[in-house]
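Given next are the chains, with one letter for each unit.
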Amino acid sequence: MSTVENMVLVRRVYKEAITRKKLDVLDEVVAPGLVDHKPQPRQAPSPEGFKEAWAAVHSAFISYESVIECEIAEGYEVVVRYKSRGTIRGIFPGVSPTG
């Protein structure tokens, strides 16, 4: 894939999977050998664990949005700086409900 195609892929993850809660997108775009180097507590560092972690975020927050503010890409690597916000009503480790 080209650098531009990789950037489009990362944007798709943030827009569709994370903000629109369409986690099936992750099955299409996450490599089977993904190792999450910063997993949540009790999360497997695998593609399924990554998906389960986002499902937990979505179940705790009634609204959740991640917006990419800056992105840098070279070759197959894409790095983003993003801002997230949401309203939490459920249980999420280390965060109290805000209503």
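Residues numbered from 1 in each chain as written. Predicted model: local features only at pLDDT ≥ 70, side-chain atom pairs only at ≥ 80, totals over all residues. Heavy atoms only, no water.

(A) Summary view of the packing of aromatic side chains. By the definition in use, this model includes three aromatic pairs. Following the ring pairs from residue to residue traces out a cluster consisting of Trp 54, Phe 61 and Tyr 64. (Phe/Tyr/Trp six-rings, centres within 6.5 Å; stacked < 30°, edge-to-face > 60°.)

(B) Up close: the pairing of strand β2 (residues 77-88). Of the pairings in the sheet, the one linking strand β1 (residues 61-74) to β2 comprises 12 bridges and is antiparallel in character. Bridged to Phe 61 within β2 is Ile 88. (Pairing = 2+ DSSP bridges. Helix = DSSP H or I, 4+ residues; strand = E, 2+ residues; numbered from the N terminus.)

(C) Seen up close, the nonpolar core. The biggest cluster of nonpolar side chains holds 18 residues, and the ones touching the most others in it are Ile 18, Leu 26, Trp 54, Val 57, Phe 61, Tyr 64 and Phe 92. Sorting the residues of this core by element identifies α1 (3-19), α2 (24-29), α3 (47-60), β1 and β2 as the ones contributing at least two each. When residues of this core are assigned to their parent elements, the largest contribution, five residues, is made by α1. Here Val 57 is in contact with Tyr 64 and Phe 92, once residues within four sequence places are set aside. (Core = buried A, V, L, I, M, F, W, Y, C linked by side-chain atoms within 4.5 Å. Buried < 20%, exposed > 50% of the residue type's maximum accessible area, 1.4 Å probe, protein only. Contact = heavy atoms within 4.5 Å.)

So yeah, pure geometry; function would need other evidence.
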